[in-house]
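The primary structure of each chain is shown beneath.
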Amino acid sequence: HGKLDEREIDKFEDAYLGEWRSVEEYADHILDDLGYVEQIMKHVPEHLRHYVTIDSSGFGRDLILGGDVYASDTTNDTVHLFDARE
């Protein structure tokens with residue numbers, strides 16, 4: 001609504017994290033991208049690795065509840081995610 005100035009557009013672009021199939025998919029991406037999965041698995045004995053999982057669904061939920069990420073549902077079963085701290 002109305003005209004946006006360049007600073008508002010830049011702020012929007014900086015906050016936009018992309019379109020994802022779910023918040024959980026984004027959480028999986030973040031955990032992997034930051035190397036957390038690799039670090040955790042490095043310390044788990046190989047015979048136990050099959051039993052170790054990371055609750056990316058819970059992590060994604062906590063990103064939303066903690067105010068780190070804002071999710072906007074789309075009409076095609078995806079979400080647009082934004083860095084809520086921007």
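Keep in mind it's a predicted model, so treat the numbers as computed, not measured. (Residues numbered from 1 in each chain as written. Predicted model: local features only at pLDDT ≥ 70, side-chain atom pairs only at ≥ 80, totals over all residues. Heavy atoms only, no water.)

Chemist: I tried to follow the nonpolar core on my own but got confused; where do I start?
Modeler: The nonpolar side chains of a soluble globular protein tend to be buried with one another. Within the largest apolar cluster, eight residues are counted, these being Trp20, Val23, Tyr26, Ile30, Leu63, Val69, Val79 and Leu81. Ranked by residues supplied to this core, first place goes to helix H2 (residues 23-33) with three residues. Not counting the four nearest positions on each side in its chain, Leu81 is found in contact with Ala15, Tyr16, Leu17, Gly18, Trp20, Val23, Tyr26, Val69, Tyr70 and Ala71. (Core = buried A, V, L, I, M, F, W, Y, C linked by side-chain atoms within 4.5 Å. Buried < 20%, exposed > 50% of the residue type's maximum accessible area, 1.4 Å probe, protein only. Helix = DSSP H or I, 4+ residues; strand = E, 2+ residues; numbered from the N terminus. Contact = heavy atoms within 4.5 Å.)

Chemist: Hey, could you run me through the pattern of salt bridges in this one?
Modeler: Any two side chains of opposite charge can pair, on the condition that their charged atoms come close. According to the stated counting rule, one finds five salt bridges in the structure shown. Of the charged contacts in the structure, one is a salt bridge between Asp5 and Arg7, with a shortest N-O distance of 3.2 Å. According to the relative accessible area criterion, Arg7 is exposed, its value standing at 67%. Measuring nitrogen to oxygen at the nearest pair gives 3.2 Å for the salt bridge that ties Arg85 to Asp83. A residue is classified by how much of its surface remains accessible, and Asp83, at 14% relative accessible area, is buried. Each of the salt bridges in this network shares a partner with another, and the network as a whole consists of Asp68, Asp83 and Arg85. (Salt bridge = Lys/Arg side-chain N within 4 Å of Asp/Glu carboxyl O.)

Chemist: For this particular structure, what's the right way to read unusual backbone geometry?
Modeler: Note on backbone geometry: most residues besides glycine have negative phi, and most peptide bonds are trans. The phi angle at Asp77 is positive, at roughly 60 degrees, despite the residue not being glycine. Along the chain, Asp77 turns up in the loop between strand S2 (69-73) and strand S3 (79-83). Classification of Asp77 as exposed rests on a relative accessible area of 70%.

Chemist: Teacher, can you tell me more about the sheet that holds S2 here?
Modeler: Backbone hydrogen bonds are what pair the strands of a sheet, in a parallel or an antiparallel way. Here three strands make up an open sheet; going across it, the order is S1-S3-S2 and the pairing antiparallel. Each having just a single partner strand, strand S1 (16-20) and S2 make up the two edges of the open sheet. Sheet twist, expressed as the mean angle between neighbouring strand axes with direction ignored, is 20 degrees. Contacts from H2 reach S1, S2 and S3, with the element oriented near 120 degrees to S1. (Pairing = 2+ DSSP bridges. Axes fitted to C-alpha atoms, helices over the stretch in contact; angles between N-to-C directions.)

Chemist: Would you take a moment to explain the packing of aromatic side chains for this structure?
Modeler: Each aromatic ring pair is summarised here by two numbers: the centre-to-centre distance and the angle between the ring planes. In the structure shown here, the tally under the stated rule is five aromatic pairs. Considering the side-chain rings of Trp20 and Tyr26, the 5.3 Å spacing of their centres and the 70 degrees angle between planes classify their relative orientation as edge-to-face. Tyr26 shares its class with Trp20; the two are buried. Centroid distance Tyr70 to Phe82: 6.4 Å. Interplanar angle 40 degrees. Geometry classified as tilted. Pair noted here: Tyr70 is in strand S2 and Phe82 is in strand S3, with a separation of 12 residues, a long-range link. An aromatic cluster of at least three residues, connected via ring pairs, comprises Phe12, Tyr16, Tyr70 and Phe82. (Phe/Tyr/Trp six-rings, centres within 6.5 Å; stacked < 30°, edge-to-face > 60°.)

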